[in-house]
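# Architecture at a glance
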Amino acid sequence: TLFRSNLLGGNNILVVPPSLARTSALCAKQYPCRIADVQTALDIAKSLLPAEHPLITASQVAKARALAVRPPDDPGANMNYWTAEAACDLLHSSLKITEKAFGAISVQTARLWDYLGDIYRFLRQFREAEEAHLKAIGAKEQVLGPEHYQVAESLRLLAKVYQCQEQHEQAINLHMRAIAILKSHHGEGYMEIGRA
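These notes cover the structure that comes with them. (Residues numbered from 1 in each chain as written. Predicted model: local features only at pLDDT ≥ 70, side-chain atom pairs only at ≥ 80, totals over all residues. Heavy atoms only, no water.)

### Thoughts on the overall build of the chain
- The helix and strand inventory of the chain stands at ten helices and zero strands.
- Along the chain direction, N to C, the helices and strands of the chain fall in the order α-α-α-α-α-α-α-α-α-α.
- Across the 196 residues in the chain, those meeting the buried criterion constitute 44%.
- Counting only contacts in the chain whose residues sit at least 6 apart along the sequence, the fraction spanning at least 24 positions is 57%.
- Element-wise, carbon and sulfur atoms account for 55% of the exposed surface of the chain, whose accessible area totals about 10,300 Å². (Helix = DSSP H or I, 4+ residues; strand = E, 2+ residues; numbered from the N terminus. Buried < 20%, exposed > 50% of the residue type's maximum accessible area, 1.4 Å probe, protein only. Contact = heavy atoms within 4.5 Å. Areas by Shrake-Rupley, 256 points an atom, 1.4 Å probe, with all protein chains shown as cover.)

### Points about the side chain of S106
- Following the sequence through the fold, S106 ends up in the loop between α5 (81-102) and α6 (107-122).
- Residue S106 is classed as buried on the basis of its relative accessible area, which comes to 5%.
- A polar contact is formed between the side chain of S106 and the side chain of T109, at a distance of 2.8 Å.
- Setting aside residues no more than four positions away along its own chain, S106 makes contact with A139 and V143. (Polar contact = N/O pair within 3.5 Å; in protein donor to acceptor, adjacent residues only side chain to side chain.)

### Digging into the environment of I105
- Note on placement: I105 falls in the loop between α5 and α6.
- Residue classification places I105 among the partly exposed residues on the basis of a relative accessible area of 44%.
- Between the C-alpha atoms of I105 and Q142, which are 37 residues apart in sequence, the distance is 7.4 Å.
- If sequence neighbours within four positions are ignored, I105 has contacts with A139, Q142 and V143.

### So, α6
- Across its 16 residues, α6 extends 23 Å between first and last C-alpha, which sits within 8% of the 22 Å expected from 1.5 Å per residue.
- By the criterion of burial, α6 is predominantly enclosed, with twelve of the 16 residues buried.
- Of all the positions in α6, only V107, T109, A110, L112, W113, D114, L116, G117, D118, I119, Y120 and R121 are classed as buried.
- Positive phi shows up at R124, right after α6, with a value of about 65°. (Expected span 1.5 Å × (residues − 1).)

### What about the packing of helix α8 (residues 149-164) against helix α9 (residues 168-186)?
- Axis separation between α8 and α9 bottoms out at 8 Å; the angle between their running directions is 160°. Taken together, the axes of α8 and α9 lie roughly antiparallel to each other. The interaxial crossing formed by α8 with α9 has left-handed handedness. Taken together, the residues of α9 that come into contact with α8 (itself represented by Y149, V151, A152, L155, R156, L158, A159, Y162 and Q163) are H168, Q170, A171, L174, H175, R177, A178, I181, L182, H185 and H186.
- Split by residue class, the contact of α8 with α9 holds twelve nonpolar, six polar and two charged. (Axes fitted to C-alpha atoms, helices over the stretch in contact; angles between N-to-C directions. Parallel < 35°, antiparallel > 145°, perpendicular 65-115°, else oblique. Left-handed = near helix turned anticlockwise from the far one by under 90°. Nonpolar A, V, L, I, M, F, W, Y, C, P; charged D, E, K, R; others polar.)

### Looking at the environment of F122
- By the element assignment, F122 lies in helix α6.
- F122 sits in the partly exposed class, given a relative accessible area of 28%.
- Residues F122 and C164, 42 residues apart in the sequence, show an inter-C-alpha distance of 9.5 Å.

Below, the structure written as structure tokens:
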């Protein structure tokens, strides 16, 4: 990305996608990433694109994920109330754009609902977290079918909300459904089953 930025100039739209890809990869592995890198990508996208362009949404989601990412061994290490609130604001803004572009019932919108639900869980706003994950599950089931592996991902996240509230029976039922879906898609030995 630095090479591309030096070659093309800092304020070039071609610099944005690699920055977002790197941030997404780091966040997926739950490694902290530099908020400044994501902010630069977001600033470039906002200066060159219309306000409702999907690349702006992607930049906002990347920043929200960067704000929310936590090292796996210390769940509260990098996120505090302020960063969680900032991430929520970015995700709400992204949801409006995504729903306008893809509709309320889409995989893209569902993914944002899951991100938002996870942050609400951190904030201990369990009702909002539950509602967000239920919206994600509903959209994914409508678009992909109830036995799709992405539905299992949302079920797992909703189960975490119930675990935090010590609603263990509901959490176990969701985990079991997620495991059944993952087994049907990937077989007994698939590594995600252990996470569900």
